[in-house]
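Structural features, examined
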Amino acid sequence: EAQVTQNPRYLITVTGKKLTVTCSQNMNHEYMSWYRQDPGLGLRQIYYSMNVEVTDKGDVPEGYKVSRKEKRNFPLILESPSPNQTSLYFCASSLSAGVEGAFFGQGTRLTVV
Amino acid sequence: KNQVEQSPQSLIILEGKNCTLQCNYTVSPFSNLRWYKQDTGRGPVSLTIMTFSENTKSNGRYTATLDADTKQSSLHITASQLSDSASYICVVSAYSGAGSYQLTFGKGTKLSVIP
């Protein structure tokens, strides 16, 4: 089954404790991206990757890092989480950027206290 | 600045009725427009995707229209069901050169279908 898998689904952490949210897709897609979704603001893109070792900033990249060492994986790293990063996060993938309908993961609800 | 505006923000309809959601955009150069359905707490699911040359596309009871001249799109839901209760998000893609695309998201319309 074609899918994008994020882990964990729920996470509560303390300010400053580094964390990683994993994202994996099994569709051999080139394009992957991370979004955060906050009430009243909709989905906002954090980072995206056109292919292995090719990443670029989205609209709200501050406080986040990503890496794309393999085609299937695109982890999101918060080196020093802060409470304003409390949000619902989604990973998405598509065959190519902007052309195919993106597949989204189930979401990761992150709370930073 | 690229923008996508959706209306209404929220909508309540009776089960079995039809409804139409609107999306107006100022995105250039236009590549495609997608409608997504997002159930509460879940990831968005693609309903339709339309390019410049397409003005109608259907997916079951969902029909999307696109008027590239007026930069407007609508999503029509026929014979609504309780399971249609969700947020519907309009996303417009613009080609930004060198194989890159910029996606602009609307804030969504929250639809509630009541018995």
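Every chain is numbered independently, its residues counted from 1 as its sequence is written. In the order they appear in the text, chains get letters beginning with A and ligands get numbers beginning with 1. Two thresholds apply to this predicted model, a pLDDT of at least 70 for residue-level local features and 80 or more for giving and counting side-chain atom pairs, whereas whole-chain, interface and lining totals are computed over all residues. With hydrogens and water set aside, each side-chain value is computed from the structure's full complement of heavy atoms.

Brief notes about the overall build of chain B
Secondary structure elements are taken from DSSP: a helix is a run of H or I of four residues or more, a strand is a run of E of two residues or more, and numbering for both begins at the N terminus. Check the secondary structure of chain B and you find zero helices and eleven strands. Scored against the burial criterion, the 115 residues of chain B give a buried share of 43%. Only heavy atoms enter the contact rule, under which two residues are in contact if any of them lie within 4.5 Å. For chain B, contacts bridging at least 24 residues in sequence account for 56% of all contacts bridging at least 6. As displayed, chain B offers around 5,600 Å² of accessible surface, 49% of which is attributable to carbon and sulfur atoms. Counted as positive: Lys and Arg. Counted as negative: Asp and Glu, with His and the chain ends omitted from the count. In plain terms, the charge of a residue is placed at NZ if it is Lys, CZ if Arg, CG if Asp and CD if Glu. Once the 10 positive and 7 negative side-chain charges of chain B are each reduced to a mean point, those two points are 6 Å apart. Think of it in three bands: residues with accessible area under 20% of the maximum for their type are buried, residues over 50% are exposed, and the middle band is partly exposed, with areas taken using a 1.4 Å probe on protein chains only. To be clear on the numbers: accessible area is Shrake-Rupley with a 1.4 Å probe, and residue cover counts the displayed protein chains and nothing else.

Observations concerning the sheet that holds strand S7 (residues 65–66) of chain A
Residue and element names in this part refer to chain A. By this definition, two strands are paired if DSSP reports at least two bridges between them. Pairing within the open sheet is antiparallel, and its four strands lie in the order S1-S3-S8-S7. Looking at the sheet topology across the chains shown, the edges are occupied by strand S1 (4–7) and S7. Alignment of strand S3 (residues 19–25) against strand S8 (residues 76–78), held across three bridges, turns out to be antiparallel. Bridge pairing in S8 places Leu19 opposite Leu78.

Side note on the side chain of Thr48 of chain B
For Thr48 of chain B, the location among the structural elements is in strand S5 (residues 45–51). Once you skip the residues sitting within four places of it in the chain, Thr48 of chain B turns out to touch Leu33, Arg34, Trp35, Lys57, Asn59 and Ala64 of chain B.

Looking at the interface of chain B and chain A
The partner chain A presents 19 residues to the 20 residues of chain B that form the contact. The term buried area means the drop in 1.4 Å probe accessible area that two parts suffer when joined, counted for both and summed. Per-residue buried area on chain B facing chain A is highest for Pro44, Tyr101 and Phe105 of chain B; these three make up 30% of the total on that side. Just to be clear on terms, a salt bridge is a Lys or Arg side-chain nitrogen sitting within 4 Å of an Asp or Glu carboxyl oxygen. Where chain B packs against chain A, one counts zero salt bridges. Throughout this description, a polar contact denotes any pair of N or O atoms lying within 3.5 Å of each other; where both atoms belong to protein, one of them has to be capable of donating a hydrogen while the other can accept it, and for residues adjacent in sequence the pair is counted only when both atoms sit in side chains. Counting across the chain B and chain A interface gives two residue pairs in polar contact (both at pLDDT 80 or more). Taken together, the elements giving at least two residues each to the side of chain B that touches chain A come down to strand S4 (30–38), S5, strand S9 (86–97) and strand S10 (100–105) of chain B. Its residues assigned to classes, the side of chain B that touches chain A comprises seven nonpolar, ten polar and three charged. Only Asp, Glu, Lys and Arg are considered charged, only Ala, Val, Leu, Ile, Met, Phe, Trp, Tyr, Cys and Pro nonpolar, and every remaining residue, Gly among them, polar.

Thoughts on the pattern of salt bridges
Residue and element names in this part refer to chain A. Considering all chains together, one arrives at six salt bridges over all chains under this definition. Glu79 serves as the salt-bridge partner of Lys18, at 3.9 Å between the closest nitrogen and oxygen. Residue Lys18 is located in the loop between strand S2 (10–13) and S3, and its partner Glu79 is located in the loop between S8 and strand S9 (87–94); the two are separated by 61 residues in the primary sequence. Exposure remark for Lys18: the relative accessible area of 52% places this residue in the exposed category. Taking the relative accessible area as the measure of exposure, Glu79 reaches 35% and is therefore partly exposed. Between Arg36 and Asp38 there is a salt bridge; the shortest N-O distance is 2.9 Å. Judged by its relative accessible area of 9%, Arg36 is buried. When salt bridges with common partners are traced through the structure, they connect Lys18, Lys65 and Glu79 into a single cluster.

Looking at a nonpolar patch on the surface
Together, Ile12, Val14 and Val113 of chain A line one region of the surface with nonpolar side chains, adding up to about 310 Å² of accessible area. Relative to the assigned elements, Ile12 of chain A resides in strand S2. Only residues whose relative accessible area exceeds 30% and that form no salt bridge enter a patch; like-charged residues are grouped when within 9 Å of one another, and nonpolar side chains (Val, Leu, Ile, Met, Phe, Trp, Tyr) when within 5 Å.

Description of unusual backbone geometry
The amide bond that connects Asn7 of chain A to the next residue, Pro8 of chain A, takes the cis arrangement and shows omega of -5°. Here Ser7 of chain B and Pro8 of chain B are connected by a cis peptide whose omega angle stands at -10°. Within the fold, Pro8 of chain B resides in the loop between strand S1 (3–7) and strand S2 (10–14). Phi at Glu53 of chain A is positive, roughly 65°, even though this residue is not glycine. With respect to the helices, strands and loops of the structure, Glu53 of chain A is situated in the loop between strand S5 (42–51) and strand S6 (54–57). Positive phi values are uncommon outside glycine, yet Lys71 of chain B reaches one of about 60°. When you line up the elements, Lys71 of chain B lands in the loop between strand S7 (62–67) and strand S8 (72–77). Take Lys71 of chain B: its relative accessible area is 32%, and that puts it in the partly exposed class.

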